[in-house]
Amino acid sequence: MPIVIIGAGMAGLTCANYLHLQGRDILLLDNQDQVGGRVRTDVVNGFRLDRGFQILLTAYPEAQRLLNYTALDLQLFRSGAAIHHEELATDKWMKLLNPFSEPFSVFQTLVSPVGTLADKLRIADLIRHVQGMSTQQLFDQPATTTATYLRNMGFSEQMIERFFRPFFGGVFLEDDLTTSSNFFEFCFKNFFLGDAAVPALGIGEIPKQLANRLPAGALRLNTPVDRITGKTVQLASGESIQAEAVVMAVDARSAAQLLGKKAPGATEFNHTTCTYFAAPTADRPDSMKADKLLLLNTKRSSSVHNMAIMSDVAPAYAPAGQTLISVSTQGLMQVDIAALTTRIKTELTAWFGESVQGWRHLRTDHLPEALPTYGPSAGHSPLQLAEGLFQCGDQTAYPSLNAAMQTGRQVAEILVNKP
């Protein structure tokens, strides 16, 4: 009997890869037509659209253990951000660059109006603090909210409002910075130690790489599972599969449904909306020079929170002569796509000029369960639920691709090492 893994997202694929490397028989089931779960890329009219704005942090320890970065042909963002702040008297843009990645930017960073000189020295202190700690040590610390943590560190309100809230609000998908300070330190460390990147052909190439390493017949797509009874997996088709062990590598809502338990509520997730636009490169305004930086907006009541010009970073994301723009909006429970598209264009017209009105809307992805919430009191769930029944995924640990891969590996190790 195989070990049956339900869910071919990053957790399930990681678990399957480690089990296969140890010579175990596996069967990976997924109800979608592609692997990856939330980590997926669709080709729309020649554009590569990730399901929401997503990046890979190359410093993630689990990604470094398992992924072949060279084969993914990673395309790198610059380390830092361009920040739009409409209250500035003249130029509305500020830049905060990582002087460890770009040494000659140190003077530009020191005089940037993003924060005070003392704030920038405190960033150096924060780097030293997190650099010497392992992932486990970071999460073993007592936690508070990120906002409280930053104030306790002595960062000014100017620095919090102009950098930390727009940048990490976009990472956490919540602007109040109520996310655990432990997770903030983990993210800060990985942004500093490595690069933010996307595979040349889209974020979906990451799960595809893992799926391609599995043996023939080990993966079944378009195969929804109805329920789990002991070590029996009942498919929606009526087929029953007997398993040596069952691993649920699905999101929290799907896991509850499989076990016949109450599903988590909307407040247990952070959500985001990603709107994609296409524009002829020849019509691109001179003012829209991102230089491969993330574009942030300090005005969080706007419809434009974070923005990225994806084709600047990874040219294959768009056909020749076209520019692909990704705009992220947070806090929307319901989405009127037409109204949101109009609001975004109006706001960006004020930034870049009238050519924005000619941008073509490609797609809007509303992701109401994009990430599990992770507050200061959040705990990590057990990976073994019963004899022969396991779970993995970022909802069991902390909300990131690293956690999905980490828990997938840990479940595989338990199964390999059990008597």
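Residues numbered from 1 in each chain as written. Predicted model: local features only at pLDDT ≥ 70, side-chain atom pairs only at ≥ 80, totals over all residues. Heavy atoms only, no water.

## Overview of the overall build of the protein
1) Next: Scanning the protein from terminus to terminus reveals 14 helices and 21 strands.
2) Next: Whereas a compact globule of 419 residues would reach a radius of gyration of roughly 22 Å, the protein reaches 22 Å, a difference of no more than 12%.
3) Next: A separation threshold of at least 6 residues defines the contact pool for the protein, and within that pool the share at least 24 residues apart is 70%.
4) Next: Put simply, the protein shows about 17,600 Å² of open surface, and 52% of that area lies on carbon and sulfur atoms.
5) Next: For the protein, the distance from the average site of its 35 positive side-chain charges to the average site of its 39 negative ones is 1 Å. (Helix = DSSP H or I, 4+ residues; strand = E, 2+ residues; numbered from the N terminus. Rg over C-alpha atoms; globule rule 2.2 N^0.38 Å. Contact = heavy atoms within 4.5 Å. Areas by Shrake-Rupley, 256 points an atom, 1.4 Å probe, with all protein chains shown as cover. Lys, Arg positive; Asp, Glu negative; His and termini not counted. Charge placed at Lys NZ, Arg CZ, Asp CG, Glu CD.)

## Notes on the sheet that holds strand 10 (residues 219–220)
1) Next: Sheet architecture is open: six strands sit in the order 10-2-1-14-21-20, paired in mixed fashion. Since the sheet does not close on itself, it has two edges, and those belong to strand 10 and strand 20 (384–386), each with one partner.
2) Next: Bridge count for strand 14 (residues 245–248) against strand 21 (residues 389–391) is three bridges, and the pairing is parallel. Across the sheet, the residue bridging to V246 is L389, located in strand 21.
3) Next: Its contacts with the sheet put helix 14 (residues 401–417) on strand 1 (3–6), strand 14, strand 20 and strand 21, and the angle it makes with strand 21 is roughly 155°. (Pairing = 2+ DSSP bridges. Axes fitted to C-alpha atoms, helices over the stretch in contact; angles between N-to-C directions.)

## A short note on the packing of helix 1 (residues 10–21) against helix 14
1) Next: Axis separation between helix 1 and helix 14 bottoms out at 7 Å; the angle between their running directions is 35°. For the pair helix 1 and helix 14, the crossing hand works out as right-handed. Only L401, A404, M405, G408, R409, V411, A412, L415 and V416 of helix 14 make contact with helix 1, whose side of the interface consists of M10, A11, T14, C15, Y18 and L19.
2) Next: Taken together, the residues of the contact of helix 1 with helix 14 break down into twelve nonpolar, two polar and one charged. (Left-handed = near helix turned anticlockwise from the far one by under 90°. Nonpolar A, V, L, I, M, F, W, Y, C, P; charged D, E, K, R; others polar.)

## Digging into helix 14
1) Next: For helix 14, with 17 residues, the first-to-last C-alpha span of 24 Å sits near the 24 Å given by 1.5 Å per residue.
2) Next: With twelve of 17 residues buried, helix 14 lies mostly within the body of the structure.
3) Next: Regarding helix 14, the residues found buried are L401, N402, A403, A404, M405, Q406, T407, G408, R409, V411, A412 and L415.
4) Next: For helix 14, the N-terminal capping position is held by S400, with its side-chain oxygen 3.3 Å away from the main-chain nitrogen of N402. (Expected span 1.5 Å × (residues − 1). Buried < 20%, exposed > 50% of the residue type's maximum accessible area, 1.4 Å probe, protein only. Polar contact = N/O pair within 3.5 Å; in protein donor to acceptor, adjacent residues only side chain to side chain.)

## Digging into the nonpolar core
Nonpolar side chains in soluble globular proteins tend to be buried together.
1) Next: I5, F163, F164, F168, F184, V247 and L324 are the most contacted members of the largest nonpolar core, which totals 95 residues.
2) Next: In terms of nonpolar packing, the next biggest core, distinct from the first, is built from 21 residues, A290, L293, V356 and W359 among them. (Core = buried A, V, L, I, M, F, W, Y, C linked by side-chain atoms within 4.5 Å.)

## Looking at unusual backbone geometry
Note: most residues except glycine have negative phi, and most peptide bonds are trans.
1) Next: Its identity as a non-glycine residue notwithstanding, N45 has a phi of 55°, on the positive side.
2) Next: By the element assignment, N45 lies in the loop between strand 3 (41–44) and strand 4 (47–50).

## A few points about helix 11 (residues 252–259)
1) Next: Within the span of helix 11, buried status applies to A255, A256 and L258. Seen end-on, helix 11 carries its buried residues on one side only, within an arc spanning 160°.
2) Next: A distance of 3.1 Å separates the backbone nitrogen of R253 from a side-chain oxygen at the start of helix 11, and that oxygen is part of D251.
3) Next: Phi turns positive, to about 70°, at G260, one or two residues after helix 11. (Arc of directions from axis to C-beta.)

## With respect to the sheet that holds strand 7 (residues 80–84)
1) Next: The mixed open sheet is built from seven strands, whose spatial order is 8-7-16-17-18-15-19. Whereas interior strands pair on both sides, the edge strands pair on one side only; in this sheet they are strand 8 (93–97) and strand 19 (360–372). Put simply, the sheet's adjacent strands are angled 20° from each other on average, direction ignored.
2) Next: Bridge count between strand 17 (residues 306–309) and strand 18 (residues 322–330): four bridges; the pairing is antiparallel. In the strand pairing of strand 18, N306 is matched with S328.

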